[in-house]
Structure formats: C-alpha cells, structure tokens
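# Structural overview for review
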Amino acid sequence: MSWYDSAWVPLLNPTNVLDYFCERSNPFYDHTCNNQIIKSQRLSQEQLNNMTGIEFILLHVQEPILYVIRKQHRFSPTNVTPLADYYIVNGVVHLAPDLYSVINSRLLNTVSSLQSAFDEAMSYSRYHPSKGYSWEFSEKEEPEKKESADKKKKEEPSSFFQRQRVDNLLGELAKKFPPKVVQPAHPEVKEEPVKQEAVVKQEIKQEKPDDKANNIKPPPEKRAKLTR
C-alpha cells in the first residue's frame with residue numbers, strides 16, 4: 001500500500017515533509033498521536049519531547065527525493081521505542097518492511113531462482129540406454145522471445161517532480177557557469193581570376209562559283225565514223 005498527494009509533490013522539502021505526512025487522507029497517519037494534538041493547539045514541534053505517547057518524527061533526509069519518517073512511542077524525554085518506519089520517495093509514502101519480511105522475501109527469491117535454474121538444466125539432460133546420461137544444448141536463440149522482451153522494455157516517462165528538479169539544477173549551474181558565446185569567424189572570400197575564354201575564329205572557306213565552272217571540263221567530241 002502507498003499514498004501520495006500530487007499537490008504537495010513539487011513543494012516537498014525538509015521543513016514541510018512532516019506536515020505532508022500528517023495529512024488526514026494519509027492511511028499511515030495515526031490521528032490520535034501527539035503530532036495531531038500539537039497541530040490543533042498550534043504548538044511547536046519541540047513540545048513533543050515533553051509529552052508521552054505515539055508520535056512521528058523526521059528521521060532521515062536525502063534531498064531532493066528521499067525522506068524517512070519514524071513512528072515511535074515516547075515514555076520520557078530520553079526513552080522512546082521505535083514502532084515503524086516510513087520512507088517517502090518522489091512524494092510517494094511507503095511502509096518500510098521489518099527485518100523478518102526482508103529476509104523472508106530474499107530467501108523466497110533465492111529458492112525460486114534456484115528452482116528455475118534446476119528445471120532448465122533438467123530440460124537439457126538426455127538419456128540413452130547404451131551411452132547413459134548426456135547434455136544437449138541448443139545454440140540457436142529464439143528470435144521471437146527476444147522481440148517480445150524488447151517490446152516489454154519501454155522507457156518510463158519522467159514525472160513532473162523529476163523534470164522540475166532537473167530544470168532547477170540546470171538553471172543554478174547556468175548561473176554559476178554561464179556559457180561562453182564564441183562569435184564565428186568570417187571566412188575570407190578569395191577572388192578567383194576570371195578565365196578569359198579564347199575566342200576561336202573559324203575561317204569558313206567559301207568557294208566561288210566561277211572557279212567551279214572553270215574547273216569543269218567539256219565532254220569529248222564525238223567523231224563521225226566513215227562508212228564504205
């Protein structure tokens with residue numbers, strides 16, 4: 001089970017995270033605790049040390065995303081007994097598990113992984129009456145399984161909290177280390193010499209019609225044959 005309030009998430013900081021946890025809509029919050037009494041009487045948080053009973057304190061801070069809240073029972077100003085821890089990650093409140101639950105979960109995951117490894121190893125074992133037991137591994141990878149695994153791996157979009165925090169960090173870095181503006185150098189324009197095209201004059205020889213007429217020879221004259 002988890003809880004969060006989207007209106008508080010962009011504004012969380014060490015000074016107001018305890019007030020965020022003490023919202024009435026938070027199912028992890030105990031409305032009979034000393035924090036609620038101080039809140040209704042508008043007293044300071046320092047008065048918790050002089051009271052007895054259940055109270056919530058801010059135990060650990062790792063800005064800008066992690067806060068740890070502890071629920072404890074106070075018997076005296078110096079004697080307290082921890083009851084539960086809650087961690088807030090990106091504005092989402094979770095109940096921290098106890099040591100027994102952590103060890104039990106790790107052991108179950110280990111046993112499950114070992115069982116799946118043994119099952120897969122048994123699938124590769126083969127038995128022959130004359131040869132006995134042997135191993136048969138297939139080197140061919142199934143492309144369909146790879147495609148389905150690639151489809152499942154999708155990048156999750158960043159939240160508004162993450163984008164706002166990153167923008168603030170980038171803005172502070174830009175103020176401390178302003179980027180240097182480098183003016184681009186103007187390239188020198190080289191004038192290419194204009195190539196003078198050589199004009200080639202083609203002389204066209206025109207033959208005169210008179211010369212052709214003079215060069216034509218007349219056909220030979222026909223002599224009359226003498227008959228006897």
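Residues numbered from 1 in each chain as written. Predicted model: local features only at pLDDT ≥ 70, side-chain atom pairs only at ≥ 80, totals over all residues. Heavy atoms only, no water.

### Looking at helix 2 (residues 34–41)
All of the buried residues in helix 2 are N34, N35, Q36 and I38. Elements in contact with the buried residues of helix 2: helix 1 (17–21) and strand 2 (53–62). (Buried < 20%, exposed > 50% of the residue type's maximum accessible area, 1.4 Å probe, protein only. Helix = DSSP H or I, 4+ residues; strand = E, 2+ residues; numbered from the N terminus. Contact = heavy atoms within 4.5 Å.)

### As for the side chain of N16
Among the secondary structure elements, N16 is positioned in the loop between strand 1 (2–3) and helix 1. Those residues within four positions of N16 in sequence are excluded, and the remaining contacts are W8 and L11.

### Considerations on the confidence of the model for the protein
When the pLDDT values of the protein are averaged, the result is 78; 67% of them are 70 or greater. Contacts of residues 196–201 to residues separated by more than four positions or lying in other chains number zero contacts, the stretch itself having pLDDT below 50. (pLDDT = per-residue confidence, 0-100.)

### Description of the sheet that holds strand 3 (residues 66–74)
Picture the strands of a sheet paired through backbone hydrogen bonds; they go either parallel or antiparallel. Reading across from one edge, 1-5-4-3-2 is the order of the five strands in this open sheet, with antiparallel pairing throughout. Two strands lie at the open edges of the sheet, namely strand 1 and strand 2, each paired on one side alone. Bridging between strand 1 and strand 5 (residues 92–95) involves two bridges; their strand directions are antiparallel. The residue bridging S2 from the neighbouring strand is H94, located in strand 5. (Pairing = 2+ DSSP bridges.)

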